[in-house]
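Observations on the model geometry
This is what each chain is made of:
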Amino acid sequence: MLREFNKLCKEKTLCEIYTDAADTNTFGVGLILACDEEFYILNCVDKYGFYDGVTCALIADVYRISTDTVYLKEISKLADYNKVSLEDKTSYCDNLIIGFLNRIKNEKRICAIELCESDCDDVYGRITEVDSTQEIIKIATVDSHGQNDGITVIDIKSVSEVYYRTRYTERLEALNGQEQ
């Protein structure tokens, strides 16, 4: 699968990424911006052709990738109509997850983090520290209403997916009201 990710990243091809084996009709859509041996970064678009954030997730969770489908052609038309560009010139360090977490920290944005391949968002909040030496991240957490909810320390090795700049995380930012 890594070879396919590298190819799609290089070609900048819109694709469907399937990761939920319990619901095989569910998939994410976007452009693969980068990948390493373990993770990929996907610039996402929703079913209406609007930008829907950036995801960094485990390649091992992907069981299917589709390109050139009728659905993707529709999404591409909608994105063009909405003047949405999924291109991103951000460069990442060799360790993709560390680079992605640092990007979120530096932008001071609220993110969602899935841990231990739980298939749910386990933590929401702003990353305050990424310590690649101790392999931990510290997060100022928020609850589902955007209210501050303490500090959480996470082992980086337990992270299976991170996303931010989505409609949901931006909703939490608006409710939280803190300056970015």
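Read on for a plain summary of the structure. Because the structure is predicted, anything quoted here is derived from the model rather than measured.

1. Looking at the overall build of the protein
Helix and strand counts for the protein come out as 4 helices and 10 strands. Secondary structure elements in the protein, listed N-terminal to C-terminal, are α-β-β-β-β-β-α-α-β-β-β-β-β-α. Across its three principal directions, the C-alpha atoms of the protein cover 45 × 35 × 35 Å. Here the protein, with 180 residues, has 47% of them falling under the buried criterion. Pairs at least 24 residues apart make up 58% of the contacts formed inside the protein by residues separated by at least 6 positions. Approximately 9,700 Å² of the protein is accessible, and the part contributed by carbon and sulfur atoms is 46%. Averaging the coordinates of the 20 positive side-chain charges in the protein and doing the same for the 33 negative ones gives two points 7 Å apart.

2. Quick notes on the nonpolar core
I97, I113, I137 and V162 are the most contacted members of the largest nonpolar core, which has 26 residues in total. Secondary structure elements with two or more residues in this core: β2 (28–35), β3 (39–45), β4 (51–58), α3 (96–107), β6 (110–115), β7 (123–131), β8 (136–142) and β10 (159–164). Element by element, the count of residues in this core is highest for α3, at 6 residues. Each residue touching V162, except ones within four places of it in the same chain, is listed here: V54, T55, C56, I97, F100, L101, I104, C111, A112 and I113. In this structure, L8, C15, Y40 and I59 belong to the second largest nonpolar core, which totals 13 residues.

Quick notes on the rules
- Residues numbered from 1 in each chain as written.
- Predicted model: local features only at pLDDT ≥ 70, side-chain atom pairs only at ≥ 80, totals over all residues.
- Heavy atoms only, no water.
- Helix = DSSP H or I, 4+ residues; strand = E, 2+ residues; numbered from the N terminus.
- Buried < 20%, exposed > 50% of the residue type's maximum accessible area, 1.4 Å probe, protein only.
- Contact = heavy atoms within 4.5 Å.
- Areas by Shrake-Rupley, 256 points an atom, 1.4 Å probe, with all protein chains shown as cover.
- Lys, Arg positive; Asp, Glu negative; His and termini not counted.
- Charge placed at Lys NZ, Arg CZ, Asp CG, Glu CD.
- Core = buried A, V, L, I, M, F, W, Y, C linked by side-chain atoms within 4.5 Å.

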